[in-house]
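# Summary of the model geometry
Given next are the chains, with one letter for each unit.
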Amino acid sequence: MDPSLLLDTARPASLEKPTVSPMRQFICLLFVTFTYFMVLFGTFPITIQVLIDVVCDEIGDDDCESADVASRVSTINMYVTIATYVPAICMAGVYASVADHFGRKITILIPIIGLIIYIACYTIVSIYHPTFYFYLILLGAVCLGASGSFGTFIMAFFSSVSDFVAVSDRRL
C-alpha cells in the first residue's frame, strides 16, 4: 500500500488563513499611523508641562514661570531630545534589516512599544514626582530612541504600503 495515501496533506478550508483585501489592510495601517503620530506629537506640550511642574516643585519656587525654572526645563529637554534622537538615528538601519527578515508588522510594533514606555515614564513622573525624575525621563527617552521613534515607524509604513500595492499599479 502506498504511504502517501494514508496521509491527508490537504488542509481543510476552515484552517486556511483568511485573506484580507489590500484596501482594508491599508485603511487599518492608516488608522494605526494616524493614532501613533497624534499620540507622539500630542505628548510634546504635555511633557514640557510635566517638566515645568516637577522642576518647580524641586526648586520650591512659587513662580513657575521664572527664568531659573525655564532654564532647567530647557536643559532637561535638550538632554531628552539627544537621548531620543541619537539612538533613533543609529537604530533606523538595524530596523530596516529586521523588517526585511521578520516582516513589516514587527517594525511597526517596536516604535509603538517605545512610545508606550516613554509615556509611562512621564506618567510616573507626573503622578509621583520622584526625586530621580531626571533619570526616569531619560530612560523613557532612550527607550523611545532605541525603538527607532517615528523614523522607523515611517520606514515601516512606507514598506508596508509598497507590499499592499501591486507592482503594476505603482507609478510616480
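Each remark here, short or long, concerns the structure printed above.
From a predicted model like this one, the values you see are computed outputs, not experimental measurements.

This brings us to the overall build of the protein. Looking only at helices and strands, the protein has five helices and zero strands in total. Within the protein, the proportion of its 172 residues that are buried is 30%. If you sum the accessible surface of the protein, you get close to 11300 Å²; carbon and sulfur atoms cover 69% of it.

Bringing the state of the cysteines into the picture now. On inspection of all chains with the given rule, the structure shows one disulfide. Here Cys56 connects covalently by a disulfide to Cys64, the sulfurs 2.0 Å from one another. Measuring the twist about the S-S bond at about -90°, one finds the Cys56-Cys64 disulfide to be left-handed. Overall, Cys56 belongs to the buried group, its relative accessible area being 3%.

Trans is the common state for peptide bonds, and a negative phi is the common state for residues other than glycine. The backbone phi angle of His129 is positive, close to 50°, even though this residue is not glycine. With respect to the helices, strands and loops of the structure, His129 is situated in the loop between α3 (104-128) and α4 (133-146). Classification of His129 by relative accessible area gives partly exposed; the value is 27%. The phi torsion at Ser149 lies on the positive side, around 50°, for a residue other than glycine. One can find Ser149 in helix α5 (residues 149-164).

Here the focus is a nonpolar patch on the surface. Residues Phe102, Ile106, Leu109, Ile113 and Ile117 make up a contiguous nonpolar surface patch of about 470 Å² in total accessible area. Per-element tally for the nonpolar patch: the top contributor is α3, with four residues. Mapped onto the elements of the fold, Ile106 is located in helix α3. Take Ile106: its relative accessible area is 35%, and that puts it in the partly exposed class.

Here we come to the packing of aromatic side chains. Applying the stated rule across the entire model yields 12 aromatic pairs. Following the ring pairs from residue to residue traces out a cluster consisting of Tyr36, Phe37, Phe41, Phe44, Tyr85, Phe150 and Phe153.

Procedures and definitions
Residues numbered from 1 in each chain as written. Predicted model: local features only at pLDDT ≥ 70, side-chain atom pairs only at ≥ 80, totals over all residues. Heavy atoms only, no water. Helix = DSSP H or I, 4+ residues; strand = E, 2+ residues; numbered from the N terminus. Buried < 20%, exposed > 50% of the residue type's maximum accessible area, 1.4 Å probe, protein only. Areas by Shrake-Rupley, 256 points an atom, 1.4 Å probe, with all protein chains shown as cover. Disulfide = S-S within 2.5 Å. Patch = residues over 30% accessible without salt bridge, like charges linked within 9 Å, V, L, I, M, F, W, Y side chains within 5 Å. Salt bridge = Lys/Arg side-chain N within 4 Å of Asp/Glu carboxyl O. Phe/Tyr/Trp six-rings, centres within 6.5 Å; stacked < 30°, edge-to-face > 60°.

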